[in-house]
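# Structural features, examined
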Amino acid sequence: MKEISGGICAPKGFWAGGIRCGIKASAKKRDVALIYCEKPCAAAGVFTTNRVKAASVLVSREHLKDGVLRAAIVNSGNANACTGEAGIAAARKMTELAAGLFDISPKQVAVASTGVIGVPLPIGVIESGMEDLKKSLSADEAGHAAALEAIMTTDIRKKEGSVEIEIDGKPVRIGGIIKGSGMIHPNMATLLCFITTDAAISPEVLDSCLRTAARRSFNRITVDGDTSTNDAVIIMANGEAGNTPITGAGPGREVFERALEEFCVRLAKATARDGEGATKLLTVSVSGAADEDTAETLAKSVASSSLVKAACFGEDANWGRILCAMGYSGAEFNPGDVEVSFVSGGEEAVVCRGGASLPFSEEDAKRILAREELEIRIKAGSGGGAAVVWGCDLTFDYVKINGSYRS
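A brief look at the structure comes next. (Residues numbered from 1 in each chain as written. Predicted model: local features only at pLDDT ≥ 70, side-chain atom pairs only at ≥ 80, totals over all residues. Heavy atoms only, no water.)

## A word on the overall build of the chain
A tally of helices and strands in the chain yields 12 helices and 15 strands. For the chain, whose C-alpha radius of gyration is 22 Å, the value lies close to the compact-globule estimate of 22 Å for 407 residues. Its C-alpha atoms put the chain at 70 × 50 × 35 Å along the principal axes. Here the chain, with 407 residues, has 57% of them falling under the buried criterion. Across the chain, contacts joining residues at least 24 apart in sequence account for 80% of those joining residues at least 6 apart. Once the 45 positive and 51 negative side-chain charges of the chain are each reduced to a mean point, those two points are 3 Å apart. (Helix = DSSP H or I, 4+ residues; strand = E, 2+ residues; numbered from the N terminus. Rg over C-alpha atoms; globule rule 2.2 N^0.38 Å. Buried < 20%, exposed > 50% of the residue type's maximum accessible area, 1.4 Å probe, protein only. Contact = heavy atoms within 4.5 Å. Lys, Arg positive; Asp, Glu negative; His and termini not counted. Charge placed at Lys NZ, Arg CZ, Asp CG, Glu CD.)

## Things to note about the nonpolar core
Core analysis: the largest hydrophobic core is formed by 38 residues, its most contacted members being Ile-195, Phe-218 and Phe-256. Among the secondary structure elements, those contributing two or more residues to this core are strand E3 (32-47), strand E6 (159-167), strand E7 (170-179), strand E8 (192-197), helix H6 (203-215), strand E9 (232-237) and helix H7 (251-273). The element that contributes the greatest number of residues to this core is H7, accounting for nine residues. Not counting residues within four places of it along the chain, the set of residues in contact with Phe-256 comprises Ile-165, Ile-167, Ile-174, Thr-197, Ala-199, Ile-201, Leu-206, Cys-209, Ile-235 and Ile-246. (Core = buried A, V, L, I, M, F, W, Y, C linked by side-chain atoms within 4.5 Å.)

## Quick notes on the sheet that holds strand E13 (residues 356-357)
Reading across from one edge, E13-E12-E11-E14-E10-E15 is the order of the six strands in this open sheet, with mixed pairing throughout. Looking at which strands have only one partner, the edges of the open sheet turn out to be E13 and strand E15 (385-392). Relative to strand E14 (residues 373-379), strand E11 (residues 339-344) is paired through five bridges, and the arrangement is antiparallel. What sits directly across from Phe-342, in E14, is Ile-376. Of the strands in this sheet, strand E10 (281-289) and E15 are in contact with H7, which crosses E15 at around 40°. Helix-sheet contacts for helix H8 (residues 292-304) involve E10, E14 and E15, and the interaxial angle to E15 is about 20°. (Pairing = 2+ DSSP bridges. Axes fitted to C-alpha atoms, helices over the stretch in contact; angles between N-to-C directions.)

## Some details on the packing of helix H1 (residues 55-63) against helix H2 (residues 84-102)
It is the contact of H1 with H2, at a shortest axis distance of 8 Å, that shows an interaxial angle of 50°. Classified by the interaxial angle, the pair formed by H1 and H2 is oblique. Taken as a pair, H1 and H2 cross one another with a handedness that is right-handed. Residue-level inspection shows Ala-55, Ser-56, Leu-58, Val-59, Glu-62 and His-63 of H1 in contact with H2, the latter providing Gly-87, Ile-88, Ala-91, Arg-92 and Thr-95. A class-by-class count of the residues in the contact of H1 with H2 yields five nonpolar, four polar and two charged. (Parallel < 35°, antiparallel > 145°, perpendicular 65-115°, else oblique. Left-handed = near helix turned anticlockwise from the far one by under 90°. Nonpolar A, V, L, I, M, F, W, Y, C, P; charged D, E, K, R; others polar.)

## Here we look at the pairing of E9
Of all six residues making up E9, six are buried, and the element is well covered by its neighbours. Here E9 shows a buried face lined by Ala-232, Ile-234 and Met-236 and a second buried face lined by Val-233, Ile-235 and Ala-237. As defined by bridge partners, E3 adjoins E9 across six bridges and the pair is classed as antiparallel. In the sheet register, Phe-47 faces E9, and the bridge partner there is Ala-232. In this sheet, E9 lies alongside E8 in parallel orientation, the contact comprising six bridges. When the bridges of E9 are listed, Ile-195 appears paired with Ile-235.

## A short note on the pattern of salt bridges
Under the criterion given, the structure shown has 27 salt bridges. Notably, a salt bridge pairs Arg-173 with Glu-164, separated by 3.0 Å at the nearest N-O pair. A relative accessible area of 16% places Glu-164 in the buried class. Residues Lys-379 and Glu-339 are paired through a salt bridge, measuring 3.7 Å at the closest nitrogen-oxygen approach. Here Glu-339 lies in strand E11 and Lys-379 lies in strand E14, a separation of 40 residues in the sequence. One continuous salt-bridge network, built from bridges that share partners, spans Arg-215, Arg-216, Arg-220, Glu-261, Glu-292, Asp-293, Glu-296 and Lys-300. (Salt bridge = Lys/Arg side-chain N within 4 Å of Asp/Glu carboxyl O.)

Printed below as a string of C-alpha cells:
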C-alpha cells in the first residue's frame, strides 16, 4: 500500500467541493461540503451507538438500505440533533437539494451534520448556496481540500489521506477525509468520515469490510468518554478501477479488507492525536489477555481514564492509575500477572511487574512521558489476546474549549 495525493478525489470518478453558507455565524470557514460520483456506487455506513441519534444519522441509515449512493452532503456548525420532526425534514431536504443538482434520487444521497446539539438547522442558508456548492466541485486536490475544511469544527489538524493498492494487477485507490476532535469515545466518536474507492466490490462485501475496519480503528479511539449523537462513517465504491468484482471470499477481498483497515487506523489515530486541547497521542497496547475482546476492554478502560490521561499530560509515571482502570473495566485478568511500561522514542521504562512496583528512574520515565507520542504497553498475562486503543492526554485547554463551545 503506497501513499498518493488527491485525498477523497484520488479514486477515479469522484468529485468534491465545499463553500461557506453561513451556518456558523461567527466563522469565515466553509461549512457545507459535497461529495459526488458520476455513477452509482456500492455504499455502506456505520453510525453512532448513542440511543439519541441526529436526524442525519436516521436519514442516511434509511438511504443506505439498498447499498447504493451517488453523493453525500455534509454541514458543520449545527448537529441537527434533538430537533424533532423539523430536524428530520431538514435532513431530508438536504438530500433533495443535492439530488436536484444532478437529477438523481434523494435516496442516493447520504447526509451528515456536526456541531451544536439542540439548535434548529438553518436549511434556508444551505438551500441558497446550492448552486455555488455545485460550482465548487472538482476532481482534484482543490475539491478535496474544500470538502475537508467544510466538515471541520474544533479540529486543529487536517485529517485526510489517499493510498493505492493492487488487485488483479489493477491499481485500486482509497481516499478519505475525517473530522473529530471532542466528544470522542467508542463506539464510535464525534467523527464524520467519508471514504471513496474505485474498487469494484459488492455492497454486501463492502459493508462487511467496513464493519471489520471500524471495529479495529474508529471504535478504538477515545478523547473524553463522550459518545456523540452524529457519528457516521460512509464509504462509496464505484468500480472504476476495473478489478474483478469482489463479491465473496478470495485474494482480492483479503487485499482490500487489509488495506481498508490500515487506512482507517491511520485516520483514527489522527483523530485521537487531534483531541481537543491534546498535546500527546496515547497508544494503549494490551497483550497476553485471554482473547481479543478482553484485551480491547482493558485497553479502552485505561485509555479512557481521566486520571491516566491527566497523569500523561503532567508527565507523571503514576502507573497505579493504570492498574486501577484495568480493575474496574469488567474484564477478567489476574492482577498478579500484569506488567506495565511506558514506551516512546525507542526508550522503555518498565514500572510494574507482577502487579507490583519496580525500582525505576523517575527522570527516565518523565523524559519518555514528555514526548508527543507515548505508548502505555501492558502485558496482562500469558494468553493470546491482544488489542490496541488510541487516545490523548487531558489538558487545561480541553476544559476551556468545552466550557464555551456554543459561544
